[in-house]
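Spelled out from the first residue to the last, the chains are:
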Amino acid sequence: KPSPSNMDWNVPHSSRPATSEVASISSPHKLQQSQAAWEQNTKDLLDTARKMRVMSSNQRAVSNGARLATEETMITDHKLSSRALEQNIQESTRLKDKSENMLDAITQEISLLHQEASQAEMVYERMKEPLAVAEECLLLRRKRPTRENTRDQVERSLHEQVTGAKQALRLLGDVMDACEKELGRLDSCKARLEEDIEQKRLALEIDSSALALESERTAEQEFKRKIATSFPHMWRKRTETLCEESERTKATAERLREKSKSIRAEMLSMERQTRENSTRSLRKKAEDTERLKKELETSIQALASEVSAMEEARKTLQNSIEDKAGPLKLARTRLTVRTQKPDPETVRDKAERSLEKEVGDLEQAMRRLQIELRKQDADIQRLQHSQSQLEADLQDKTAALSIEQECEGLQRDLTKQMASRQS
């Protein structure tokens, strides 16, 4: 088929004889034209018309071919672009589903980590009570009389209880700090996933709208096209990298939860063990103190009976030295009373020296009066001194026993509180 550029569109105009013939016919001076020229002129016109029809037919064929070719190209391009849009929609949907699944997992992990952090905080607060009770017991036991203030098994058990509670508070505090940091990382991943999902949703809506557009609508609307600066693999890699990072963060949070559970169980077990040791030590100490207290009471009663017997035996001699026995007894009583002072207050002061001198002078005077009575008085004095020591020790044991029982009561109350909260 000849192309329009190869056609001679100037043929009618370059046929000069036909133009001359027409001019000669229309001219009044050339009316005499031959029959052959007249007929030739008409043939030329017919020939020109025939050529024009051929050229027009050829042009119509070329235009039709161009139309068919462009329509085929248009259809092919439309199918390719639609297929590309569908594939992009499928890929975007896959990535969006992946991000949504990861978002669900991150949201669930945030909830679980919040619960674990709350559990750790509850145990942290519970551990403050054993620490307070153990420290209170130590303070109470420092109020024991000096003779009873020894570093025994109870003291060691209470110190172990304090150390264990402080260690638990430190470890649980570290766990809560770690949970807070991980929750921050999880929240960051959640926000980025939500943003990625929202972007994917908008992109899917736009691609779906673009896929559903018709040619009539596109002719009516004009859009300012924005040049894409990201490649498909970069676009896909961004979401996959975000999901991988979120998965690593989630795995870290899971490990932290497991570690927190292990620490909680270990600290509760250690607290229970140290509390039971302290309670057991306090109970044994109270039993031992009660036993010694009863022995002291029995011994004091025996000494009191012996002193009474000695006093009955010396009544016959005491009548003659009554004037001196009274001041001697008063001096001895003062000395005995002053021995009950706490050790830091027991000093050899002027009063102490004066009392001792008074006793010595009176005893020397009485020895001069009655040598036999001296032995009885010495025996009675030894008995009374021993009785005073036993009474002082009994008083210390009674005070210590009261403190031990109070500490044991605190430990029992703590056991009930811990059991009730655990249930």
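### Overview of the overall build of the protein
- If you tally the helices and strands in the protein, you get 10 helices and zero strands.
- Helices and strands in the protein line up, N terminus first, as α-α-α-α-α-α-α-α-α-α.
- Taken over 423 residues, the protein has a buried fraction of 31%.
- Summed over all atoms, the accessible surface of the protein reaches about 27,600 Å², with 52% contributed by carbon and sulfur.

### Some remarks on the packing of helix α3 (residues 35–141) against helix α4 (residues 153–212)
- It is the contact of α3 with α4, at a shortest axis distance of 6 Å, that shows an interaxial angle of 165 degrees. With respect to each other, α3 and α4 are oriented roughly antiparallel. Crossing hand, α3 versus α4: left-handed.
- By residue class, the composition of the contact of α3 with α4 is 35 nonpolar, 11 polar and 18 charged.

### Notes on the pattern of salt bridges
- Scanning the entire structure with this criterion turns up 34 salt bridges.
- Here Arg67 makes a salt bridge to Glu71, at a shortest N to O gap of 3.1 Å. Taken as a pair, Arg67 and Glu71 lie in helix α3 at a separation of four residues, close to a single helical turn.
- Among the residues examined, Arg67 registers a relative accessible area of 40% and is labelled partly exposed.

### As for the environment of Glu254
- Tracing the chain through its elements places Glu254 in helix α6 (residues 232–313).
- By relative accessible area, which is 28% here, Glu254 ends up partly exposed.
- Each C-alpha atom, one on Glu254 and one on Leu112, is 8.9 Å from the other, the two residues being 142 residues apart in sequence.

### Topic: the nonpolar core
- In terms of nonpolar packing, the biggest core is built from 40 residues, with Ile106, Leu113, Met127, Cys179, Leu186, Leu193 and Cys407 touching the most fellow members.
- Elements supplying a minimum of two residues to this core: α3, α4, α6 and α10 (371–422).
- At 15 residues, the largest contribution of residues to this core is made by α3.
- When neighbours within four sequence positions are excluded, Leu186 is seen to be in contact with Ile106, Glu109, Ile110, Leu113, Thr249, Lys250 and Ala253.
- Ranked by size, the runner-up nonpolar core spans nine residues in total, among them Leu296, Ile300, Leu303 and Ile380.

### Notes on the side chain of Ser278
- Topologically, Ser278 is positioned in helix α6.
- With a relative accessible area of 0%, Ser278 lands in the buried category.
- Those residues within four positions of Ser278 in sequence are excluded, and the remaining contacts are Ser157, Leu158, Gln161 and Gln411.

### Here's the deal with the confidence of the model for the protein
- Here the protein shows a mean pLDDT of 82. Residues at 70 or above account for 85%.
- Every residue in residues 1–31 scores below 50 in pLDDT, and together they form 29 contacts with partners more than four places removed in sequence or on other chains.

### Describing the environment of Arg283
- With respect to the helices and strands, the residue Arg283 is situated in helix α6.
- Taking the C-alpha atoms as reference points, Arg283 and Gln405, 122 residues apart in sequence, are found 7.8 Å from one another.

### With respect to the state of the cysteines
- Throughout the structure, instances matching the rule amount to zero disulfides.
- Just so you know, Cys137 is unpaired, no disulfide at all, and the nearest cysteine sulfur is the one on Cys407, 3.9 Å from it.
- Free cysteine Cys243: the closest other cysteine sulfur is in Cys189, separated by 10.0 Å.

Here is what the cut-offs are and how they apply
- Residues numbered from 1 in each chain as written.
- Predicted model: local features only at pLDDT ≥ 70, side-chain atom pairs only at ≥ 80, totals over all residues.
- Heavy atoms only, no water.
- Helix = DSSP H or I, 4+ residues; strand = E, 2+ residues; numbered from the N terminus.
- Buried < 20%, exposed > 50% of the residue type's maximum accessible area, 1.4 Å probe, protein only.
- Areas by Shrake-Rupley, 256 points an atom, 1.4 Å probe, with all protein chains shown as cover.
- Axes fitted to C-alpha atoms, helices over the stretch in contact; angles between N-to-C directions.
- Parallel < 35°, antiparallel > 145°, perpendicular 65-115°, else oblique.
- Left-handed = near helix turned anticlockwise from the far one by under 90°.
- Nonpolar A, V, L, I, M, F, W, Y, C, P; charged D, E, K, R; others polar.
- Salt bridge = Lys/Arg side-chain N within 4 Å of Asp/Glu carboxyl O.
- Core = buried A, V, L, I, M, F, W, Y, C linked by side-chain atoms within 4.5 Å.
- Contact = heavy atoms within 4.5 Å.
- pLDDT = per-residue confidence, 0-100.
- Disulfide = S-S within 2.5 Å.

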